[in-house]
Amino acid sequence: MAEQARLRAGRRVRQIGLCLLGAAAAGCASGRPAGGAPGGGPTGTDAPAGVRRGDIAAQSDTYKVLQNLGLLANGVPLPFTGSIAMLPGPVADSSLVVVSLSFPSQSFSFVREGDRFRASYTVAIEARQNGAVVSRTETNEVVRVVSFKETQRADESILFQQQLSIPPGSYTIGVLIRDGSTSRSATQEKQVVVPRFGGRPSTPIIALEATPRSNAATRPDLIANARSTIVLGRDTELPLYLEVRDSSPAGVSLHVAIRDEKGAALWQDTVVLPRQGKGNIASGVVRVPVANLGVGIVQAAVWRTGQADTATQAVLVSFGEDLPVASFDEMISYLRFFASSSRLNTLKTGSPQQRAQAWAAFLRETDPIGMTPQNEALRDYFLRIRVANERFREDGSAGWLSDRGATFVALGEPDQILDNNNQGQQDLTIGQRGRMQAWDYTTERLRLVYQDQSGFGRWRFYGNGAAAFQTALQRRLNR
């Protein structure tokens, strides 16, 4: 199940890891760390262009993946991610635009405040139509944590949410975030179409927390997953919060489907949203088993029988917040320098549910610091893949699979590099043609020599280098 949050009565403050700030929150008062639808239904929106399953090397920038997913996403100098969803508004001709943002604590500058650390930031959100501002909010927020370590967290543990009530139409939603202690800021814009709801289903919202509302005149009590991301092995359910403006006492029947990038249904069901109390809203949370979905970009689609309108939401099912998109089998191939063949084989067999359980166990067993939300070993491993693809791109089509790239990914930075292009290292060329380079790993008692015989940057193992690398790799993987 998605990571749980705690609600404090009377305030829009939540705690998820570091802290979660709602639109009216002043801070963490406790200071704790905180295709065609199946069966002939209407056609939904295709998966976002530019994002596909697989090819980690081509999707090494997580924020680009999230942008292509249709999210607000920004890297340096102030990282954040955001999603935009639409719900029925307080009157028939209005809609609620829910803007959800998430930040790593590293985004902001903390200063000591007594025995704690404090940061402040400002969020301005506006909806523009034909160049005119239709609605605008600006909110000042404060974050307090109890240790310096919490200020350095890289996971998106600070959450913010704001709601705008605007008429149906086409808008530009602009978001500006400013760090309260420095000049750092970030802006993002997104074109959205706000529908006229009537009896149309709302955007499926991935809910970290939701209390179904009964009346459109009240604000929804929910916290959305700003990254629109579910993690295989950690989350067992994809919780989709849905609403329909309808006062029928029998509730509203909806079709819900999760489709892959080709439109094929990975999961589908018909659900009845109950009418909450005596209000004019039918609402509820549909829980989709994550093990049925595989890995990659999927599309959640919701529609009413006989109606053409379909509400959709792109969802990223990932291996972790720092791991780019890939299919399960492709992920196994990327781990060839991280774990032994026997260990990886245990991940390949079984049903999707068993694979998800095996992946969760794999994460626990390989996590060097179990108290943190990240698997630091996997994070560093995939960082080395990204570096290798840049640094050794001349060695081959995939830098991390070249001889030097594979060594770097598997064993890390060498303790010393000797190159016959450097003065004083001519001894590497004795009796040999072309450029030579030696990498020394002191702990492994290993020297690997590479040769660029052609002079065009195609470095290959020299002598018994390939065998020596395989021996060192197997020794490391079987420790």
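A. Structural detail: the packing of aromatic side chains. Scanning the entire structure with this criterion turns up 20 aromatic pairs. With a centroid separation of 5.9 Å and 80° between ring planes, the pair formed by Phe337 and Trp400 is classed as edge-to-face. Within this pair, whereas Phe337 is found in the loop between helix 3 (328-334) and helix 4 (341-348), its partner Trp400 is found in the loop between helix 6 (376-391) and helix 7 (403-411), the two being separated by 63 residues in sequence. Summarising the burial analysis for this pair, Phe337 and Trp400 share the class buried. Counting every residue linked through ring pairs, the aromatic cluster contains Tyr334, Phe337, Phe392, Trp400, Phe408, Trp439, Tyr450, Phe461 and Phe469. The ring of Phe408 has Arg391 lying over it, and the distance from NZ or CZ to the ring centre is 4.8 Å.

B. Molecular detail of the nonpolar core. Core analysis: the largest hydrophobic core is formed by 66 residues, its most contacted members being Leu238, Leu335 and Trp359. With sequence-adjacent residues up to four places away left out, Leu238 is seen in contact with Ile206, Ile230, Ile258, Val286, Arg287, Val288, Val290, Leu293 and Val315. With 31 residues, the next largest nonpolar core counts Phe110, Phe160, Leu164 and Tyr171 among its residues.

C. Spotlight on the packing of helix 4 against helix 5 (residues 352-366). Closest axis-to-axis distance for the helix 4/helix 5 pair is 8 Å, and the angle between their directions is 145°. Two secondary-structure elements touch here, helix 4 through Arg343, Thr346, Leu347 and Lys348 and helix 5 through Arg355, Ala358, Trp359, Phe362, Glu365 and Thr366. In terms of residue class, the contact of helix 4 with helix 5 is built from 4 nonpolar, 2 polar and 4 charged.

D. Up close: the sheet that holds strand 15 (residues 229-231). Taken in spatial order, the 5 strands make up an open sheet running 15-21-20-17-18, and their pairing is mixed. Taken across any chain shown, the strands that pair with only one partner, and hence form the sheet edges, are strand 15 and strand 18 (265-273). Here the average twist between neighbouring strands, direction ignored, is 25°. One ladder, built from 8 bridges, connects strand 17 (residues 252-259) with strand 18; its direction is antiparallel. Along strand 18, the bridge assignment pairs Arg259 with Ala265.

E. Fine view of the pattern of salt bridges. In this structure the tally under the stated criterion is 26 salt bridges. Among the salt bridges present, the one from Arg136 reaches Glu138, with a minimum N-O distance of 3.0 Å. Assessed through its relative accessible area of 45%, Glu138 is described here as partly exposed. Put simply, Glu138 and Arg178 hold a salt bridge, and the shortest N to O gap is 3.2 Å. With a gap of 40 residues between them, Glu138 in strand 9 (residues 132-145) and Arg178 in strand 11 (residues 169-179) connect regions that are remote in the sequence. Linked through salt bridges whose partners overlap, the residues forming this network are Glu126, Arg128, Arg136, Glu138, Arg178 and Glu189.

F. Structural context of the sheet that holds strand 24 (residues 446-452). In space, the 4 strands of this open sheet follow the order 22-23-24-25, with antiparallel pairing throughout. Two strands bound the open sheet, and with one partner strand each, they are strand 22 (416-419) and strand 25 (460-461). Sitting on the sheet, helix 7 touches strand 23 (435-441), strand 24 and strand 25, and the angle it makes with strand 23 is about 10°. Together, strand 24 and strand 25 form the strand contacts of helix 8 (residues 465-477), whose direction differs from that of strand 24 by roughly 140°.

G. Fine view of empty space enclosed by the protein. By volume, the largest cavity is sized at about 90 Å³. What lines the largest cavity is simply Ser83, Ile84, Ala85, Val98, Ser100, Pro204, Ile205, Ile206, Ala224, Asn225, Ser228 and Gln313. Broken down by secondary-structure element, the contributors of at least two residues to the lining of the largest cavity are strand 5 (80-88), strand 6 (95-104) and strand 13 (205-211). In terms of residue class, the lining of the largest cavity is made up of 7 nonpolar, 5 polar and no charged.

H. The arrangement of the side chain of Asn389 in detail. One can find Asn389 in helix 6. A polar contact of 3.1 Å, which involves the side chain of Asn389, links it to the backbone nitrogen of Trp400.

I. Quick look at helix 5. With 15 residues, helix 5 extends 21 Å from end C-alpha to end C-alpha; this agrees with the ideal 21 Å at 1.5 Å per step. Of all the residues in helix 5, the buried ones are Arg355, Ala356, Trp359, Ala360, Ala361, Phe362, Leu363 and Thr366. Where helix 5 is buried, its residues meet helix 3, helix 4 and helix 6.

J. Unusual backbone geometry, seen in detail. Here the residue pair Val76 and Pro77 is connected by a cis peptide bond, since its omega of 5° sits within 30 degrees of zero. Mapped onto the elements of the fold, Pro77 is located in the loop between strand 4 (72-74) and strand 5. In this model, Ser228 sits at a positive phi of 50°, which is unusual for a non-glycine residue. Position of Ser228 among the secondary structure elements: in the loop between strand 14 (221-224) and strand 15. Positive phi is not limited to glycine here, since Arg445 has a value of about 50°. Among the secondary structure elements, Arg445 is positioned in the loop between strand 23 and strand 24. We classify Arg445 as exposed; its relative accessible area is 80%.

Rules used in this analysis
Residues numbered from 1 in each chain as written. Predicted model: local features only at pLDDT ≥ 70, side-chain atom pairs only at ≥ 80, totals over all residues. Heavy atoms only, no water. Phe/Tyr/Trp six-rings, centres within 6.5 Å; stacked < 30°, edge-to-face > 60°. Helix = DSSP H or I, 4+ residues; strand = E, 2+ residues; numbered from the N terminus. Buried < 20%, exposed > 50% of the residue type's maximum accessible area, 1.4 Å probe, protein only. Lys NZ or Arg CZ within 6 Å of the ring centre and 35° of its normal. Core = buried A, V, L, I, M, F, W, Y, C linked by side-chain atoms within 4.5 Å. Contact = heavy atoms within 4.5 Å. Axes fitted to C-alpha atoms, helices over the stretch in contact; angles between N-to-C directions. Nonpolar A, V, L, I, M, F, W, Y, C, P; charged D, E, K, R; others polar. Pairing = 2+ DSSP bridges. Salt bridge = Lys/Arg side-chain N within 4 Å of Asp/Glu carboxyl O. 1 Å grid on protein atoms, 1.4 Å probe; cavity = no way out; pocket = protein on both sides within 12 Å on 5 of 7 lines; lining within 4 Å. Points joined across faces, edges and corners; volume = space filled by probe spheres on them. Polar contact = N/O pair within 3.5 Å; in protein donor to acceptor, adjacent residues only side chain to side chain. Expected span 1.5 Å × (residues − 1).

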